[in-house]
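# Descriptive structure summary
Given next are the chains, with one letter for each unit.
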Amino acid sequence: ISFYKEDNYLEGISVADLVKLRRHILSLDTLNSPYKYIAADVNNDGRISTLDIIEIQRLLLGIQSTFNNNSSWRFVLEEYIFPDPRNPWLEDFSSIYTFSVLRYGDPGNFIAIKIGDLDGTAPLLPD
């Protein structure tokens, strides 16, 4: 099973997310989970920088309608434990889950991460 969602890039993204991202970059505030770090890495280069701010600004201004190198949502297996929560890119977290059809039980749960949404305003089940 693999999860992929590539639409409604602007959903849940506002100037408030830009403010949170700037405050993090300037060390005035920190993001409090590895999922927020993943959401903040808008250009998908494995770090948080002003390039991510530029991507969000371009989206908000209507200059671009998608992210250049990222999907609108990312998914992480719920049971995955990040070795360093402040550096979720330390290991390659997978959004693919492999299981046998002969195995009984739950195939696993995933955590959905809306890229660029740092204040959690995107609905978990978008239309």
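Look up: the structure comes first, before these words.
It should be emphasised that the depicted structure is a prediction, and the values quoted were computed from it without experimental measurement.

## Considerations on the environment of glutamate 79
On the secondary structure map, glutamate 79 appears in the loop between β1 (73-77) and β2 (110-114). When its relative accessible area of 58% is taken as the criterion, glutamate 79 is described as exposed. Between the C-alpha atom of glutamate 79 and that of phenylalanine 110, which follows or precedes it by 31 residues, the distance is 8.1 Å.

## Remarks on unusual backbone geometry
Positive phi, normally seen in glycine, also occurs at serine 27, with a value near 60°. Structurally, serine 27 can be placed in the loop between α1 (15-25) and α2 (34-40). Backbone geometry places asparagine 44, a non-glycine residue, at a positive phi of 60°. With respect to the helices and strands, asparagine 44 occurs in the loop between α2 and α3 (50-60).

## Thoughts on the nonpolar core
Among the nonpolar cores identified, the biggest contains 21 residues, and Leu21, Ile38 and Phe67 are the most heavily contacted of them. Those elements that place two or more of their residues in this core are α1, α2 and α3. Not counting residues within four places of it along the chain, the set of residues in contact with phenylalanine 67 comprises Tyr9, Ile13, Val42, Glu55, Leu59 and Ile115. Judged by nonpolar contacts, the second largest core, of five residues, contains Trp73, Phe75, Leu77 and Phe110.

## Considering the pairing of β1
Most of β1 sits out of view: four of its five residues are buried. Sheet topology note: the β1/β2 ladder contains five bridges and is antiparallel. Within the sheet, the bridge partner assigned to leucine 77 lies in β2 and is phenylalanine 110.

## What to know about the pattern of salt bridges
Counting across every chain of the model gives one salt bridge. Close ionic contact of arginine 47 with aspartate 45 constitutes a salt bridge, the shortest N to O distance being 3.2 Å.

## Some points on the packing of aromatic side chains
One pass over the full model with this rule turns up four aromatic pairs. Their ring planes at 80° and their centres at 5.6 Å tell us that tyrosine 35 and phenylalanine 82 sit as a pair that is edge-to-face. Separated by 47 residues along the polypeptide, tyrosine 35 in helix α2 and phenylalanine 82 in the loop between β1 and β2 bring together distant segments of the chain. Note on phenylalanine 82: relative accessible area 8%, which makes it buried. Between the aromatic rings of tyrosine 80 and phenylalanine 82, the centroid separation amounts to 4.9 Å while the plane-to-plane angle is 90°, which identifies the pairing as edge-to-face.

Reading the values: the criteria
Residues numbered from 1 in each chain as written. Predicted model: local features only at pLDDT ≥ 70, side-chain atom pairs only at ≥ 80, totals over all residues. Heavy atoms only, no water. Helix = DSSP H or I, 4+ residues; strand = E, 2+ residues; numbered from the N terminus. Buried < 20%, exposed > 50% of the residue type's maximum accessible area, 1.4 Å probe, protein only. Core = buried A, V, L, I, M, F, W, Y, C linked by side-chain atoms within 4.5 Å. Contact = heavy atoms within 4.5 Å. Pairing = 2+ DSSP bridges. Salt bridge = Lys/Arg side-chain N within 4 Å of Asp/Glu carboxyl O. Phe/Tyr/Trp six-rings, centres within 6.5 Å; stacked < 30°, edge-to-face > 60°.

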